[in-house]
Amino acid sequence: METAQFVIPLWLDLTAVGLGGIQGALFASGFRGERRLDLLGVAIVGIVMGFGGGIIRDLLLNVPIGALQSNWYLTTAVGASLIGMLLAAPLQRLNAVIVGLDAIVIGMFGAFGTSKALALGLPPLPAIFVGVAAAVGGGILRDMLMSLPVAIMHVGSLYAVAAGAGCIVLAVLELAGVPIFIAGLVGLIVTAVIRLLAVIFDLSLPEQRMLNRRKVATETGVLPTVGR
Amino acid sequence: METAQFVIPLWLDLTAVGLGGIQGALFASGFRGERRLDLLGVAIVGIVMGFGGGIIRDLLLNVPIGALQSNWYLTTAVGASLIGMLLAAPLQRLNAVIVGLDAIVIGMFGAFGTSKALALGLPPLPAIFVGVAAAVGGGILRDMLMSLPVAIMHVGSLYAVAAGAGCIVLAVLELAGVPIFIAGLVGLIVTAVIRLLAVIFDLSLPEQRMLNRRKVATETGVLPTVGR
Amino acid sequence: METAQFVIPLWLDLTAVGLGGIQGALFASGFRGERRLDLLGVAIVGIVMGFGGGIIRDLLLNVPIGALQSNWYLTTAVGASLIGMLLAAPLQRLNAVIVGLDAIVIGMFGAFGTSKALALGLPPLPAIFVGVAAAVGGGILRDMLMSLPVAIMHVGSLYAVAAGAGCIVLAVLELAGVPIFIAGLVGLIVTAVIRLLAVIFDLSLPEQRMLNRRKVATETGVLPTVGR
């Protein structure tokens, strides 16, 4: 019953998977570590960035994993990874594309996660937690697979803060009776704008003075491996 | 039915989450790696140490994740992380606090995990496995997020052994008809005592002669990053 | 109903767990990093390689985790890890054993994953995804626990490609009406043969010229830690 009430429209879900996949493949293609990824490695990062957030969300919610209920998700993620690989060469200098896509993707996964959790009857704080976990989860999996330091632990730029703010706004609006689509859209915009402003103005939280050289490097995908 | 029989009392569960959160934040605050964590990173470690074990337990048991069913868990974990951050400065030399809290927390998560698994009808060996996974899982997630070597793989001090012994004792007692609360308490005490004795007397398993410098460092949170 | 239709025979499932456990313990015993694993660490790697693929499969499928429904799985995994530790010394030079066992194990986990997913009614592409995730998942967990670079991201030798090819063949055969046991056997053989040929003839995907020194090292378990 409850699950039947709330279904993220397939086209919207696939849009998030596709944008995530492109962003992941761009990130991985730009990776200049001690060990380069092979083509499959790039594709795996694309799939992880497209799928990861949704899988984490559905595992936490203990519901069947949406991305496995239709052939379209894997098709979209693989196709998006290929597009990302092809775009990587011409876009190599356009870091803005990576950061911009990322801001939209974390906004979408955060909005989907929080609104699906609320629709399943979770209290607001856990619903916000699920949204943030969905938003940042794909990136955490990516960093673990690529043996990179986990970005949200070290990199400032208010990555998780942006996701949290968007999910909180969404939850407050929805509990205030705002229709879910509008609440989700506002939440997405809040997340994306905070994230972009943080990158543009180099905002960050205290206690990370030593990180400056690394911050931009991570966001632009030109980061050496841990082992350097 | 079965799940209705066995409910970890909320105050007890929140106690474990809170102690885990304090311990995690103390650990992360004391972290002196190449890259310092920002305040959010410290809070994330606290939340992971408070939540991680319970989430892994409930994922393995394929039941709704307890920590997401109430607003109290996140409130407690965040509050505990803040307390841990505030205590970190005055307690900086008091490594005993970190190790002591940790011994109690792994004992509690181990006892909750094994007893919940038994209550759900799992056979004893898998129930012990779930308890151990819940006890050590939070620490594994923490190490992965912080890009540290996973402590239970390398660090002696009988970390997982202590968790395993406590869970085995609990399972044996419960199968012998001892009331769950007493069995759990005994299991918790067994785990905590073994763990504390191992640290105090520097007990460890064979094949780790080269680890001595690292062992104390990990437990006290003054460990350099992998990349050094 | 659906789940009742399809049950991997216990002896077959335990065979995969046992071979995975032996292979994992052999791999971990041969590990010569900056920090050696203790005996428990070797056993944990064995258990992870025996259990990991099945746990990932069942989490993705949102069904109760098979390895936790009977005492036999943990008994088998622990026993297999002990056998692997005992065999490690006499077999030290016999890297072929590690690679050969691994080829069979990924074939088995891939076949179990895809066929169980199809039996649960998943569409073919997600079913293939589940099979590949089950096949490579144990190794990913192992690498993360051992703080190694995740092998499938960097190491050529068509590791994930072999798993994917076997799962695709299995899915096509089963959808064509071939009995599941035969389809699974053919899928297993396809995976194992591709993987072995890739190792023997040193086949790999583009963009990894710099990896040669590492590839053999990983497969034979004589790999230094990340931090070197």
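Source: prediction; values computed, not measured.

A. Seen up close, the overall build of chain A. Summing up its helical and strand segments, chain A has 10 helices and zero strands in all. Of the regular secondary structure in chain A, the N- to C-terminal order runs α-α-α-α-α-α-α-α-α-α. With 228 residues in all, chain A has 63% of them scored as buried. For chain A, long-range pairs separated by at least 24 residues make up 79% of all intrachain contacts whose partners lie at least 6 apart in sequence. Here chain A has roughly 8600 Å² of accessible surface; of this, 73% comes from carbon and sulfur atoms.

B. Expanded view of a nonpolar patch on the surface. A cluster of nonpolar side chains, contributed by I180, F181, I182, L185, V186, I189, V193, L196, L197, I200 and F201 of chain A, occupies part of the molecular surface with about 980 Å² of accessible area. Judged by its relative accessible area of 42%, V193 of chain A is partly exposed.

C. Molecular detail of the packing of aromatic side chains. By the definition in use, this model includes three aromatic pairs over all chains. The aromatic ring of F27 of chain B is capped on one face by R142 of chain B, whose charged end is 4.0 Å from the ring centroid.

D. Layout of the UniProt feature "transmembrane region" (unreviewed entry) in chain A. Residue and element names in this part refer to chain A. When the UniProt feature table is mapped onto this chain, "transmembrane region" (unreviewed entry) is found at residues 6-27, 39-60, 72-89, 96-114, 120-141, 148-173 and 179-205. This span, residues 39-60, is 100% helix and 0% strand, and a straight line between its end C-alpha atoms measures 31 Å. Along residues 72-89 the backbone is 94% helical and 0% strand, and the end-to-end C-alpha distance reaches 27 Å.

E. Quick peek at helix α9 (residues 180-201) of chain B. Residue and element names in this part refer to chain B. Under the 1.5 Å per step criterion, the end-to-end length of α9 is 31 Å for 22 residues, consistent within 8% with the ideal 32 Å. Buried within α9 we find A183, G184, G187, L188, T191, A192, R195 and A198. Taken around the axis of α9, the buried residues stretch over an arc of 160°, which confines them to a single face. What points out from α9, more than 90 degrees from its buried face, is the exposed set F181, I200 and F201. Positive phi shows up at D202, right after α9, with a value of about 55°.

F. Broad picture of the environment of G46 of chain C. All names here are of chain C. Secondary-structure assignment places G46 in helix α3 (residues 39-61). Owing to a relative accessible area of 0%, G46 belongs among the buried residues under this scheme. As a C-alpha pair, G46 and G18 span 28 residues in sequence and 8.9 Å in three-dimensional space. Setting aside anything within four residues of it in sequence, one finds G46 in contact with G20, G21, G24, A25 and S81.

G. Quick peek at the packing of helix α5 (residues 95-119) of chain A against helix α9 (residues 180-201) of chain A. Residues and elements named next belong to chain A. Two elements in contact, α5 and α9, have axes whose closest approach is 8 Å; the angle formed by their N-to-C orientations is 145°. Helix-helix and strand crossings are classified by hand; for α5 and α9 the assignment is right-handed. Contacts between α5 and α9 involve V99, G100, D102, A103, I104, I106, G107, M108, A111 and S115 from the first element and I180, G184, L188, T191, A192, R195, L196 and V199 from the second. Partitioned by chemical class, the residues of the contact of α5 with α9 number 11 nonpolar, five polar and two charged.

H. Structural context of the pattern of salt bridges. Applying the stated criterion to the full structure yields 12 salt bridges over all chains. Among the salt bridges present, the one from D58 of chain A reaches R57 of chain A, with a minimum N-O distance of 3.0 Å. Its relative accessible area of 0% is what places D58 of chain A among the buried residues. You can call R57 of chain A buried: its relative accessible area is 4%. Between D143 of chain B and R142 of chain B there is a salt bridge whose closest N-O contact spans 3.1 Å. For R142 of chain B, a relative accessible area of 7% puts it in the buried group.

I. Summary view of the nonpolar core. Among the nonpolar cores identified, the biggest contains 130 residues, and F51 of chain A together with F51 of chain C are the most heavily contacted of them. Counting 29 residues, the second-largest nonpolar core is a separate cluster that includes L120 of chain A together with I55, Y73 and A77 of chain B.

J. Representation of the side chain of S81 of chain C in the model. All names here are of chain C. Here S81 shows up in helix α4 (residues 71-88). Here S81 falls in the buried class, since its relative accessible area comes to 1%. If we ignore the near neighbours within four places in the chain, the residues touching S81 are G21, A25, A43, G46 and I47.

K. Highlighting unusual backbone geometry. Positive phi outside glycine occurs at N62 of chain A, with the angle close to 55°. Of the residues examined, N62 of chain A reaches a relative accessible area of 21% and is grouped as partly exposed.

L. Highlighting the confidence of the model for chain A. Per-chain confidence: chain A averages 82 in pLDDT, with 80% of residues scoring 70 or above. The weakest mean pLDDT in chain A belongs to helix α10 (residues 212-220) of chain A at 41; the strongest belongs to helix α6 (residues 124-145) of chain A at 94.

M. Broad picture of α5 of chain A. Residue and element names in this part refer to chain A. Taking 1.5 Å as the rise per residue, α5 with 25 residues should run 36 Å; its terminal C-alpha atoms sit 36 Å apart, in good agreement. For α5, the tally of buried residues reaches 21 of 25 residues, placing the bulk of the element in the interior. Remark: G121 follows α5 within two positions and exhibits a positive phi of approximately 95°.

N. Representation of the packing of helix α6 (residues 124-145) of chain B against helix α8 (residues 159-175) of chain B in the model. Residues and elements named next belong to chain B. As a packed pair, α6 and α8 sit with axes 9 Å apart at the nearest point and diverge in direction by 140°. Between α6 and α8, the angle is such that the two are oblique. In terms of crossing hand, the pair formed by α6 and α8 is right-handed. Contacts between α6 and α8 pair P124, I128, G131, V132, A135 and V136 from the former with Y159, A160, A163, G164, C167, I168, A171 and L175 from the latter. When the residues that make up the contact of α6 with α8 are grouped by side-chain class, the tally is 12 nonpolar, two polar and no charged.

O. Summary view of the environment of A80 of chain B. All names here are of chain B. Within the secondary structure, A80 is located in helix α4 (residues 71-88). When its relative accessible area of 5% is taken as the criterion, A80 is described as buried. Separated by 57 residues in the primary sequence, A80 and Q23 place their C-alpha atoms 8.6 Å from one another. Ignoring anything within four residues of it in the chain, the contact list for A80 reads G18, G21 and I22.

What counts and what doesn't
- Residues numbered from 1 in each chain as written.
- Chains lettered and ligands numbered in written order.
- Predicted model: local features only at pLDDT ≥ 70, side-chain atom pairs only at ≥ 80, totals over all residues.
- Heavy atoms only, no water.
- Helix = DSSP H or I, 4+ residues; strand = E, 2+ residues; numbered from the N terminus.
- Buried < 20%, exposed > 50% of the residue type's maximum accessible area, 1.4 Å probe, protein only.
- Contact = heavy atoms within 4.5 Å.
- Areas by Shrake-Rupley, 256 points an atom, 1.4 Å probe, with all protein chains shown as cover.
- Patch = residues over 30% accessible without salt bridge, like charges linked within 9 Å, V, L, I, M, F, W, Y side chains within 5 Å.
- Salt bridge = Lys/Arg side-chain N within 4 Å of Asp/Glu carboxyl O.
- Phe/Tyr/Trp six-rings, centres within 6.5 Å; stacked < 30°, edge-to-face > 60°.
- Lys NZ or Arg CZ within 6 Å of the ring centre and 35° of its normal.
- UniProt positions renumbered as here; feature names shortened; annotations may be inferred.
- Expected span 1.5 Å × (residues − 1).
- Arc of directions from axis to C-beta.
- Axes fitted to C-alpha atoms, helices over the stretch in contact; angles between N-to-C directions.
- Left-handed = near helix turned anticlockwise from the far one by under 90°.
- Nonpolar A, V, L, I, M, F, W, Y, C, P; charged D, E, K, R; others polar.
- Core = buried A, V, L, I, M, F, W, Y, C linked by side-chain atoms within 4.5 Å.
- pLDDT = per-residue confidence, 0-100.
- Parallel < 35°, antiparallel > 145°, perpendicular 65-115°, else oblique.

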